[in-house]
Amino acid sequence: MKVSISWLKEYIPLKMEISALSDALTMAGLEVEDVSDRYDYLNTVVVGRIAKIIQHPKADQLTICQVDLGDGTINVVCGAPNASEGMFSPCALPGAELPGGSVIEKGIIRGQESYGMLCSEKELALGADKSGIMELSQDLVVGSPIKKALGLSDPVIEIDLTPNRPDCLSLIGVAREISVFQKTNVKYPEIDLSTKDTHSDSGLIKSIEDHTSVKIQDPDLCPRYAAKLLFDITVAPSPFWLQDRLMSVGLKPINNIVDITNFVMMEMGQPLHAFDFDFLAENRIVVRRAKAGEAFTTLDGKERKLSSEMLMICDGKKPVALAGVMGGLNSEIHDSTTRVLIESAYFNPVSVRKTAKKLGLNTDASHRFERGADPDVTVKAINRAAQLMAKIGG
């Protein structure tokens, strides 16, 4: 379990240094395996000043920027439209590993040597702008590492949790634990959903029962299932704050709807799933055991052969998710999705563990469900997700 300190502070004020906090958590049974700063990759990205710009002789869209690094000047081939002489911008040096996984190397671009890369906000995971290189204040010291120059630091602690502590598989769970030995209160997110009749592009929405239903055929394996509907949603990239929260704990942003389900899972410990409502046959949910030999294609694009002890989430005709493990390719959120059904449920831990092990699928969701999610969080989490989706999804 990775915990970003900057994210953790959203729920509890920290009164101790990171080393003392790590020791206290370990003594409380939450062993801290590692502490790192997620901005350490910026130590090989420095403040550069574009001293001169020369047109690339073999490419109209490229220039050769002579970049002053304080102790010398290097040539960098650049295609950014906003590059200008005198501009201060981040320069990734050879050997720098950027958040996307690419490693900067000396190279030859269209016959011209390039000794680094001038970077955009997006390339450095410092913002969403990718239209040009990032412009820095001219008050900064040329040649200084970006991490130091911008004062960037966010320690991330990695906790090795024993299977009997599923209550700490969330930021709020860890905050609760800290609140005990710090004697401070946890600040829970405010959830405010209107219960009045609302309108969508398709008319008055009076009740969810007018649009869908949930039938649980095997309550021993699924004693609680909650669903919520959102209409007129716009699927788009998440705002940077949401992307940044996910990246801080090692998750990859996908889109605003999927990102919110992952955000709430990390925040509250409750895995959620979002379905494209218009891909659910008969617009309803049926929770049942799989049929022996039934085939199902999961979100990773692989076809799985199911057995009769596996629990499935189905629509009126077909399976759409492996309960507590992974959703299906046939009902995933697309760019064109406008109606979303959110799932929040409690699944039998043994059932989820057997399914995940038999299919070789270990996911963030199965990791939590097979250790025992909190049934009391089921509705709180779905309300939190619906609130965020309504706000961020328009």
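Above this text sits the structure in question.
Description of the structure in this document. All of these numbers come straight from a predicted model, not from anything done at the bench.

Let's shift gears to the overall build of the chain. Of the regular secondary structure elements, the chain holds nine helices and 22 strands. On the principal axes, the C-alpha backbone points of the chain span a range of 70 × 50 × 45 Å. Counting all 394 residues of the chain, 50% fall into the buried class. For the chain, the computed accessible surface area is about 18900 Å², with 48% contributed by carbon and sulfur atoms. Here the chain holds 43 positive side-chain charges and 52 negative ones, and the gap between their average locations is 4 Å.

According to the stated counting rule, one finds five aromatic pairs in the structure shown. Relative to Phe-263, the ring of Trp-7 has its centre 5.1 Å away and its plane inclined at 15°; by these criteria the two rings are stacked. On the criterion of sequence distance, the pair formed by Trp-7 in helix 1 (residues 5-8) and Phe-263 in helix 6 (residues 256-268) is long-range, its members being 256 residues apart. No difference in accessibility class separates Trp-7 from Phe-263, as the two residues are buried. Cation over ring: Arg-339 sits above Phe-231, and NZ or CZ is 5.1 Å from the ring centre.

A separate point is the environment of Leu-14. By the element assignment, Leu-14 lies in the loop between helix 1 and helix 2 (18-27). In sequence terms Leu-14 and Ala-175 are 161 residues apart; their C-alpha atoms lie 9.4 Å from each other. For Leu-14, the residues in contact, after removing those within four places along its chain, are Ile-5, Leu-8, Lys-9, Leu-21, Ile-178 and Gln-182.

Analysis parameters
Residues numbered from 1 in each chain as written. Predicted model: local features only at pLDDT ≥ 70, side-chain atom pairs only at ≥ 80, totals over all residues. Heavy atoms only, no water. Helix = DSSP H or I, 4+ residues; strand = E, 2+ residues; numbered from the N terminus. Buried < 20%, exposed > 50% of the residue type's maximum accessible area, 1.4 Å probe, protein only. Areas by Shrake-Rupley, 256 points an atom, 1.4 Å probe, with all protein chains shown as cover. Lys, Arg positive; Asp, Glu negative; His and termini not counted. Charge placed at Lys NZ, Arg CZ, Asp CG, Glu CD. Phe/Tyr/Trp six-rings, centres within 6.5 Å; stacked < 30°, edge-to-face > 60°. Lys NZ or Arg CZ within 6 Å of the ring centre and 35° of its normal. Contact = heavy atoms within 4.5 Å.

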